[in-house]
Amino acid sequence: MNEILVWGSKSRERAWRPAIIGLALGLLIPALAQGAEVVKLTLNSVLVVQESKNGQVSEAFQPALAVKPGEILEWRLEAENATDRPLRQVALVIPIPKETAYLEGSAPALPWGGARILPQFSYDGGKTYGLPPLKRRVRSIENGQEVEREVEVRPAEYTHARWLLPELGPKAKVLLKLRTTVR
């Protein structure tokens, strides 16, 4: 089931409600030169909980029904080629809700035919993407003059993560993940 963040009225808690996430919400999954309907998408979020048993710490996953600041969410995007033909140049995107911050290093590279597809990130709402460390130009006033300099974008400022697949085979599925911290 797809989920999207809905603000609740409870103090410092957010309630998660099921909803369909589509193109209008910024989950842009273009299969270039092909209709987006050829890729079936399922985006879920789960709450990551640390458990301790017999001195061993492990992770458990729970439904993200209500979360608090500082808690960690894992976002899982499953993409399936719904056709009987391979799709080329498929861009799979996980939007990072503004109520959360990307957890650096939590979006793994995707093993791909002996190679790896590295995730690219955006800090400008999905307009541009690049490999970390991302840089942007900022202007400030120093000694009465406007100065422009390049600064590194912190991972907590990322708005989207994207994997560019050269090809997604017929009926093939791929699972992508990343983690965020609730603000």
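Keep in mind that what you see is a predicted model, and the values were worked out from it rather than measured.

A.B. asks: So what exactly am I meant to see when it comes to the layout of surface pockets here?
C.D. replies: Gaps left between atoms show up when a probe the size of a water molecule is rolled over them. Approximately 190 Å³ is the volume attributed to the second largest pocket. Looking at the second largest pocket, it is lined by 14 residues, and the ones nearest its centre are Tyr102, Glu104, Gly105, Phe121 and Pro132. Taken together, the residues of the lining of the second largest pocket break down into 11 nonpolar, 1 polar and 2 charged.

A.B. asks: Which parts of the structure should I look at to understand the packing of aromatic side chains?
C.D. replies: The relative placement of two aromatic rings is captured by the distance of their centres and the angle of their planes. Evaluation of the coordinates by the stated rule reveals 3 aromatic pairs. Here Tyr102 and Phe121 contribute two aromatic rings whose centre-to-centre distance is 4.9 Å and whose plane-to-plane angle is 45°, an arrangement assigned as tilted. Highlighted residues: Tyr102 in strand 8 (residues 100–102) and Phe121 in strand 11 (residues 120–122), separated in sequence by 19 residues. The residues Tyr102 and Phe121 share a single accessibility class, namely buried. Centroid distance Phe121 to Tyr158: 4.7 Å. Interplanar angle 25°. Geometry classified as stacked. Remark: Tyr158 occurs in the loop between strand 13 (145–152) and strand 14 (160–168) and Phe121 occurs in strand 11; sequence separation between them is 37 residues. Taken together, the ring pairs in this structure connect Tyr102, Phe121 and Tyr158 into an aromatic cluster. Across from the ring centre of Phe61, 4.6 Å away, lies the NZ or CZ of Arg76, which sits over that ring.

What counts, and at which threshold
- Residues numbered from 1 in each chain as written.
- Predicted model: local features only at pLDDT ≥ 70, side-chain atom pairs only at ≥ 80, totals over all residues.
- Heavy atoms only, no water.
- 1 Å grid on protein atoms, 1.4 Å probe; cavity = no way out; pocket = protein on both sides within 12 Å on 5 of 7 lines; lining within 4 Å.
- Points joined across faces, edges and corners; volume = space filled by probe spheres on them.
- Nonpolar A, V, L, I, M, F, W, Y, C, P; charged D, E, K, R; others polar.
- Phe/Tyr/Trp six-rings, centres within 6.5 Å; stacked < 30°, edge-to-face > 60°.
- Helix = DSSP H or I, 4+ residues; strand = E, 2+ residues; numbered from the N terminus.
- Buried < 20%, exposed > 50% of the residue type's maximum accessible area, 1.4 Å probe, protein only.
- Lys NZ or Arg CZ within 6 Å of the ring centre and 35° of its normal.

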